[in-house]
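Close look at the chain arrangement
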Amino acid sequence: MSLKRNILDLRKRKEKVLQGGGEKAIQKQVAMGKLTARERVTSILDEDSFHEYDLFVEHEARDFGMEKKELHGDGVIIGTGTIYGEPVCIFAQDFTVAGGSLGLMHARKITKIMDHALKMRVPLIGINDSGGARIQEGVNSLAGYGEIFFRNTLASGVIPQLSVILGPCAGGAVYSPALTDFVFVVENISKMFITGPEVIKTVLGEEISMEELGGAKVHSEITGNAHFYALSEYECFEQIKKLLTFIPWHNGKKAKAFPPKPPKPEFKIEDIVPADPTQPYDIRNVIKSVVDDSDFFEVMENFAGNIVIGFGRMNGETVGFVANQPMVLAGVLDCDSSDKAARFIRYCDAFNIPLVTLEDMPGYLPGVDQEHMGVIRHGAKILYAYSEATVPKITVIIRKAYGGGYIAMNSRHMKADFMFAWPTAEIAVMGPEGAANIIFRKEIMAAEDPDAVRREKVAEYKEKFANPYVAAAKGYIDTVIEPLETRNMLLHSIEVSSNKADRRPQKKHGIPPF
Ligand code: HXC
């Protein structure tokens, strides 16, 4: 064959594979408001930067009539490209080809690009749109997922792993994302479950819709499996790109620095926190009053709202924020908020991102529900995560810092590098009312006017402990600052900590309270 004919043959072969599952299957996806796998990849990456590999891979299944089926690219696209000029590895499952189900060769394509990402130290973006393990391929499919899970774990903390859920994803197609750092979902399109409605009907005799079982809202509001929620695929792709501006390409690097910018003047730090300590306020406004350009990129916005986590920049460099949210449950720590914060702290620590903690909360949430849900185990995660973190760690106590919450929220005792408190800070074992009722119970009960004595004792306790100066006198707080000084103190602390070295005892790994 002449070169020209060879080239024409190559083009023809490519064209065939590019048809995916065929026009009818593509139209079915389009009717559901979905983009095709290839459109997704090219929309996320810089224009014309996508380079595809393993286009000509063929499946090897020989049972249940599979030998007669042609599955183009075996239902997954893999390749490399750039985002904002920086290299990334990417894969996208194609639901039009056997429901994006994962057989042996499909899995080999994914593990090949995962190996590339880890070797080249670049982020891995996985677009999941798959019915899970390909039923006809039996143990080969299970083996394929096992190889993926192993690599997800190997890459964890080395390169960023981003999972995008863009279709009905079952079984392994959700367990791999669960092992990655950030999961993105889109309204009406994303579904995640271990077993789908068909299986539930067969086994349990219960009817449930995919949306109710594991729609985008379920996972961003109830389960906490999703970190970002978008109304459209395009909005989701913008979220991915924005996240990538904040995080480093691998664990040996810092996130890209941007030109420093002051916060926007409408966020006036002195006007955000109400004078009455019982009044709530939005802690996100405090964050926006200290970060560059007031640009705060929140993670898990719709889950466990009593704690706020996310990225901002200070002096152009990425910082991770963990902050109690007085607007939701007074900002208490509970099972979900502990899980949410602990994972984020570990992410920032793994990727060299300094942590700023803003504290205003009355402690751990009491109650039978929380105790039985395991608040001891879940709450311990945040203690572990802060203690373990060796990145620069700075805390500002704004108002309440009571009890276990005081210790947990990156206190000096968790080895915070810098501890600041506003003059409004209240640092005590518990709130004055609860404390007075316990330690002065006998006196209150014996009094002629118990209410008057209770008020007196509450005031006495408040005077003694509900301020930052007792802790400052012991050196637990480095200094008490005016709210207006907060940004400068944070900028300086981060700058001073830029060469921080914190050596810990040699060990294989710790045993966190998973
Ligand atoms: C083979 C599959 C498949 C699978 C879907 N298809 N899932 N083929 N193996 N796992 C095929 C369908 O047969 C169909 O083929 C095409 O994909 C589209 O599927 P539909 O059912 O028509 O689509 P939809 O109604 O949108 O429902 C999507 C779905 C459903 C909810 C994902 O297909 C489903 O429940 N699939 C099985 C899910 C599951 O239980 N997977 C195994 C998980 S176990 P045709 O030819 O008709 O177009 C697992 C092990 C990992 O993953 C272990 C983790 C620890």
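Numbers given for residues are sequential positions, taken from 1 along each chain in its written order. At least 70 in pLDDT is required for a residue's local features to be given in this predicted model, at least 80 for side-chain atom pairs to be given and counted, and no such filter applies to totals for whole chains, interfaces and linings, which use all residues. Hydrogens and water molecules were not included; the side-chain quantities draw on all heavy atoms of the structure.

**Observations regarding the overall build of the protein**
In this text, helices come from DSSP runs of H or I with a minimum length of four residues, and strands from runs of E with a minimum of two, each type numbered from the N-terminal end. Secondary structure summary: the protein contains 20 helices and 17 strands in total. Expressed as lengths along the three principal axes of its C-alpha atoms, the size of the protein is roughly 100 × 55 × 45 Å. Counting all 514 residues of the protein, 52% fall into the buried class. The criterion used for residue contact is that any of the two residues' heavy atoms lie within 4.5 Å. Taking as baseline every contact in the protein between residues at least 6 positions apart, the subset at least 24 positions apart corresponds to 73%. If the 60 positive side-chain charges of the protein are averaged to one point and the 67 negative ones to another, these points end up 6 Å apart. Accessibility here uses a 1.4 Å probe with only protein chains present; expressed as a share of the type maximum, an area under 20% marks a residue as buried, one over 50% as exposed, and anything in between as partly exposed. Just so you know, the count uses Lys and Arg for positive and Asp and Glu for negative, and it drops His and the chain ends. A charge is said to be at NZ when it belongs to Lys, at CZ for Arg, at CG for Asp and at CD for Glu.

**A word on the site of the ligand**
The environment of the ligand is made up of 19 residues, and the closest members are Gly-99, Gly-131, Ala-133, Ile-135 and Gly-172. Gly-131 has a polar backbone atom sitting 2.7 Å from a nitrogen atom of the ligand. For every accessible area listed, the method is Shrake-Rupley and the probe measures 1.4 Å; residues are considered covered only by the protein chains on display. Within the complex, the protein chains bury 60% of what would otherwise be the 1,000 Å² of accessible surface of the ligand. Mapped by element, the contributors of at least two residues to the shell around the ligand are α5 (139-155), β6 (168-170) and α6 (172-178). Following the grouping adopted for this structure description, the nonpolar residues are Ala, Val, Leu, Ile, Met, Phe, Trp, Tyr, Cys and Pro, the charged ones are Asp, Glu, Lys and Arg, and the polar ones are all others, Gly among them. Grouping the amino acids of the shell around the ligand by side-chain chemistry returns eleven nonpolar, seven polar and one charged. When we say a residue is near a molecule or strand, we mean one of its heavy atoms is within 4 Å of it. Two N or O atoms count as a polar contact when they lie within 3.5 Å, although within protein this holds only if one can serve as hydrogen donor and the other as acceptor, and sequence-adjacent residues are included solely when both atoms are side-chain atoms.

**Thoughts on the nonpolar core**
By size, the foremost hydrophobic cluster in this structure holds 86 residues, and its most contacted members are Ile-125, Ile-240, Phe-311 and Val-322. In contact with Ile-240, other than residues within four places in its own chain, are Ile-44, Ile-125, Leu-162, Val-164 and Phe-184. In this structure, Val-290, Phe-296, Val-396 and Leu-490 belong to the second largest nonpolar core, which totals 26 residues. For our purposes a nonpolar core is just a set of buried Ala, Val, Leu, Ile, Met, Phe, Trp, Tyr and Cys residues, chained together by side-chain atoms within 4.5 Å.

**Description of the environment of Val-174**
Considering the arrangement of structural elements, one finds Val-174 in helix α6. With 46 residues separating them along the chain, Val-174 and Asn-128 place their C-alpha atoms 8.1 Å apart. Not counting chain neighbours up to four residues away, the residues in contact with Val-174 comprise Cys-169, Met-192, Phe-193 and Ile-194.

**Describing the sheet that holds strand β2 (residues 76-83)**
Note on sheets: strands pair through backbone hydrogen bonds, and any given pair is parallel or antiparallel. Strand order across the open sheet formed by seven strands is β1-β2-β3-β4-β5-β7-β9, with mixed pairing between neighbours. Strands at the two margins of the open sheet, each flanked by one partner only, are β1 (51-53) and β9 (228-230). Each neighbouring strand pair of the sheet contributes to a mean axis angle of 20 degrees, computed without reference to strand direction. When DSSP locates at least two bridges between a pair of strands, those strands are taken to pair. Here strand β4 (residues 124-128) runs beside strand β5 (residues 161-165); their pairing, made up of five bridges, is parallel. What sits directly across from Leu-124, in β5, is Gln-161. In the packing of helix α3 (residues 37-44) onto the sheet, contacts are made with β1, β2, β3 (86-93) and β4, and the angle to β3 comes to roughly 165 degrees. The axes used here are C-alpha line fits, helices contributing only the stretch in contact, and every angle between their N-to-C directions lies in the interval 0 to 180 degrees.

**With respect to helix α16 (residues 432-439)**
Along α16, the positions that sit buried rather than exposed are Pro-432, Ala-435 and Ala-436. Summarising the axial view, the buried residues of α16 lie within an arc of 95 degrees, below the 170-degree limit, and thus occupy one face. Looking at the buried residues of α16, the elements they touch are β14 (393-402), α17 (441-446) and α18 (450-465). Within this analysis, the arc is defined by the directions that extend from the helix axis to the C-beta atoms.

**What about the UniProt feature "domain: CoA carboxyltransferase C-terminal" (unreviewed entry) in the protein?**
When the UniProt feature table is mapped onto this chain, "domain: CoA carboxyltransferase C-terminal" (unreviewed entry) is found at residues 264-496. Segment residues 264-496 splits into 40% helix and 19% strand. End C-alpha atoms: 25 Å apart. UniProt positions are given in the numbering used here, feature names are shortened, and annotations may be inferred rather than shown by experiment.

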